[in-house]
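Given next are the chains, with one letter for each unit.
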Amino acid sequence: MKLNACEKTDVNVYSLDITVEAAEFAGAVAKVAARELKKIQIPGFRKGKAPRAMVEKMYGKDVFYEDALELVFSDNYLAAVEESKLDVVGDPFDFNVVSMTLTEGANVTCKVYVKPEVSIEGYKGIEAPKADAEVTDEEVDKEIEKVREDNARFVEVDGRAAADGDIVTIDYLGKLDGEPFDGGSAEDFDLTLGSGMFIPGFEEQVVGHEIGESFVINVSFPDDYGNNDLAGKAVTFDITIKAIKVKELDALDDEFAKDVSEFDTFDEYKADVRKSIAEKKQEKADSDFKNAVLEALAEKLEVEAIPQPMIDAAVADIMNDLDYNLRMNGTSLENYMRITGMSEESFRSVYADRAEKNVRLTLALEKIAALEGFECTDEELEEEYGKIAEAYNVDVERIKSAIRVDTVKGDVIKRKAVDLVTENAVAVAPAEEEAETPADETPADDAE
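Reading the values: the criteria
- Residues numbered from 1 in each chain as written.
- Predicted model: local features only at pLDDT ≥ 70, side-chain atom pairs only at ≥ 80, totals over all residues.
- Heavy atoms only, no water.
- Phe/Tyr/Trp six-rings, centres within 6.5 Å; stacked < 30°, edge-to-face > 60°.
- Helix = DSSP H or I, 4+ residues; strand = E, 2+ residues; numbered from the N terminus.
- Buried < 20%, exposed > 50% of the residue type's maximum accessible area, 1.4 Å probe, protein only.
- Lys, Arg positive; Asp, Glu negative; His and termini not counted.
- Salt bridge = Lys/Arg side-chain N within 4 Å of Asp/Glu carboxyl O.
- Contact = heavy atoms within 4.5 Å.
- Axes fitted to C-alpha atoms, helices over the stretch in contact; angles between N-to-C directions.
- Parallel < 35°, antiparallel > 145°, perpendicular 65-115°, else oblique.
- Nonpolar A, V, L, I, M, F, W, Y, C, P; charged D, E, K, R; others polar.
- Core = buried A, V, L, I, M, F, W, Y, C linked by side-chain atoms within 4.5 Å.
- Pairing = 2+ DSSP bridges.
- Patch = residues over 30% accessible without salt bridge, like charges linked within 9 Å, V, L, I, M, F, W, Y side chains within 5 Å.
- Areas by Shrake-Rupley, 256 points an atom, 1.4 Å probe, with all protein chains shown as cover.
- Charge placed at Lys NZ, Arg CZ, Asp CG, Glu CD.

> So what's going on with the packing of aromatic side chains? Residues and values would help.
Applying the stated rule across the entire model yields 17 aromatic pairs. Measuring from ring centre to ring centre gives 5.4 Å for Phe-73 and Phe-95, while their planes differ by 75°; the resulting arrangement is edge-to-face. Here Phe-73, found in helix H3 (residues 65–84), pairs with Phe-95, found in strand E3 (residues 88–101); they are 22 residues apart in sequence, far enough to count as distant. On the numbers, 6.2 Å between centres and 55° between planes, the contact of Phe-266 with Tyr-269 is tilted. A residue pair is termed a helical-turn pair when its members lie 3 or 4 positions apart in one helix, as Phe-266 and Tyr-269 do in helix H7 (residues 266–300) at three residues.

Set out below in C-alpha cells:
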C-alpha cells in the first residue's frame, strides 16, 4: 500500500489517495481469475476449462480487475488510515478508481469523515438542580397505608343494604331499547361502590339494595363514550346483588409490623419504611442531578460540526438498546415499530436530537479525559471485563472476544471523566414553578 496524499477537503472531511501495489493487485487478479474461471463457459471449451487469456480476450483484459480491487482494498484502506493518523468515523465514501493495471497496481481516491476537533471549558463547578431527599411524615404514612391496604381482608356482611365503600358482587345485563348490547353484561362482578369505575349514575343506584335483590337502573352513556353506538344513549341494567363485602384493615400496631415485615415493633417497622423511602429519594435525586450535570456539560462543548456518521451510529445504539429492553419484556423493536406505525426513517428522525446530544456528551467526556490525562490500567481493564461478564452471566473470555479492548478502556476512561465532573458539580435548589396567572387577571386586579 502507498498513501499518495491525505488532504482536508471540508469540515471533518479528508480525501485519501491510495495505491495498491502492483504485485499485490496482480496477485488478487490471479486469485479472482482462478475462482471465476470455474464458472465461465465459452464456445469450444467445457465449463470452467477456458484459458484465462481466452476469457480476457473475449471480455476484456480488465474483466477481473473490479473484483480483485474489492478483494484487497479493505486492508489497504485500513493501512492508509493508520498511516494518515486520522481518527476516522464511519465508512469511506465518494470512491473513484483512477487507474488499474497489472504493472502499476490500482490507484483509488476516497473521502472519509474524521472525529471533529473540540474544546471545552468550565467543566468543573457546573451548577445543576438537586431535589431535597428529606422524607416527610405524610410520605411515611402514605407508604404504610398502601401496605395496609394491600393486606386488607374482605369480609361478607348480611342484614343491611349496600353502602358507599362496600364491594358488591353483582350480575348485570345492559339493554338498549329493550335489547341486550355487546359488552354490557357480566356475572359475579366485584364492584366497589363509589369508585367511579362505571358510568355516572350506575353505582349510586346500586346503593341501598340488599343481597338477593334484583332491580333495574336507568343510566345514560356519556356523549364522548368510546363506543359510538352507545355514546349519549339511555340504557337500562338488570342487576342482582349476590354478596356484599367490606374491607377490614389491620390496626397499625406491633402485630401488623410482625405480619408485614421482619420487625417486632411498629416503631421499628416505621423507621425502616422511612429509611427505605429516604434511600429511594436520595438515589433518584442523585441520578437526576447527575443527568442534569451531564446535559449541561454537553452544552459546553465547542464544536464546529458533528459528522453525520457519528449521529447515525448513536441512533443505531439507541435502537439496539431499545430492542434489547423490549426483548427482555417479550417483544421486539420490530413489533414496537409495527404497532406504533413507525418506519426506520421516522424512528431515526424522532431520535436524531437525542443521538446528537449523546455524541456531544461523548466528545466532551473524551476531551476532558485527554485534558486530565486519564488512563485505564490493566487491573481496571480486567475488572471491567469481569463486571460485563457478570452482568451478562457469560464467561469472561467470551466477553473479551466480543468486545474490543479499546472500547472497554474508553468506557472506563469516560467514566472517570463523569466522576470528575459530577464530584465537582454544585447542587442548587430546583427552581420553583410559578403559578400561572389567568390572561384576564393581573396582580393589580387582585389588589383592588
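Next comes the rest of the description.
> Can you lay out unusual backbone geometry for me, pointing to particular residues and giving the numbers?
The phi torsion of most residues other than glycine is negative, and most of the peptide bonds are trans. Although it is not a glycine, Asp-94 sits at a positive phi angle of roughly 55°. When you line up the elements, Asp-94 lands in strand E3. Even without being a glycine, Asn-393 presents a positive backbone phi close to 55°. According to the relative accessible area criterion, Asn-393 is exposed, its value standing at 71%.

> If you had to explain the side chain of Glu-203 to someone new, which residues and values would you point to?
In this fold, Glu-203 is placed in helix H5 (residues 202–206). In this structure, Glu-203 is buried with no salt-bridge partner, the nearest side chain bearing the opposite charge being Lys-247 at 13 Å. With residues near it in sequence (within four places) discarded, Glu-203 still touches Leu-191, Thr-192, Leu-193, Gly-194, Ser-195, Gly-196, Met-197 and Phe-198.

> Which residues make up the packing of helix H11 (residues 352–372) against helix H14 (residues 405–423), and what values go with them?
One can describe the packing of H11 onto H14 by two numbers: an axis separation of 8 Å at closest approach and a directional angle of 85°. The angle between the axes of H11 and H14 places the two elements in the roughly perpendicular class. On H14, the residues that touch Thr-362, Leu-365, Glu-366, Ile-368, Ala-369 and Glu-372 of H11 are Ile-413, Lys-414, Ala-417, Val-418, Leu-420 and Val-421. A per-class count over the contact of H11 with H14 returns eight nonpolar, one polar and three charged.

> Kindly report on the nonpolar core, identifying the contributing residues and their values.
One finds Tyr-123, Val-293, Leu-297, Phe-347, Ile-368 and Val-421 to be the most contacted residues of the largest nonpolar core, which totals 38 residues. Contributing elements (two or more residues each) for this core: H7, helix H8 (308–328), helix H9 (333–340), H11 and H14. Among all residues touching Val-293, those that are not within four sequence positions of it are Ile-126, Ala-128, Val-421, Thr-422 and Ala-425. One finds Leu-16, Ile-18, Phe-25 and Val-114 within the second-largest nonpolar core, a separate group that totals 29 residues.

> Give me the sheet that holds E3: which residues, what numbers.
Ordered by their spatial adjacency, four strands build an open sheet running E1-E2-E4-E3, and the pairing between neighbours is antiparallel. Two strands close off the open sheet at either side, each with one partner strand: strand E1 (2–10) and E3. When strand polarity is set aside, the average angle formed by the axes of neighbouring strands in this sheet is 20°. Taken together, the eight bridges between E3 and strand E4 (residues 105–114) define a ladder with antiparallel strand orientation. Residue pairing across strands places Val-88 opposite Val-114, the latter belonging to E4. Contacts from H3 reach E1, strand E2 (13–20), E3 and E4, with the element oriented near 125° to E2.

> Describe a negative patch on the surface, with residues and values.
Together, Asp-253, Asp-254, Asp-259, Asp-264, Asp-267 and Glu-268 make up a negatively charged patch on the protein surface. Broken down by secondary-structure element, the contributors of at least two residues to the negative patch are helix H6 (254–260) and H7. Examined against the element boundaries, Asp-253 turns out to sit in the loop between strand E11 (234–248) and H6. Look at Asp-253 and you get partly exposed, because its relative accessible area is 33%.

> So what's going on with the pattern of salt bridges? Residues and values would help.
For the structure on display, the rule yields 33 salt bridges. With a closest N to O distance of 4.0 Å, Arg-35 and Asp-67 form a salt bridge. Of the two residues, Arg-35 sits in helix H1 (residues 22–36) while Asp-67 sits in helix H3, which places them 32 residues apart along the sequence. By relative accessible area, Asp-67 is classed as partly exposed at 31%. When salt bridges with common partners are traced through the structure, they connect Arg-35, Glu-36, Lys-39 and Asp-67 into a single cluster.

Such coordinate-based values are descriptive only and should not be taken to indicate function.
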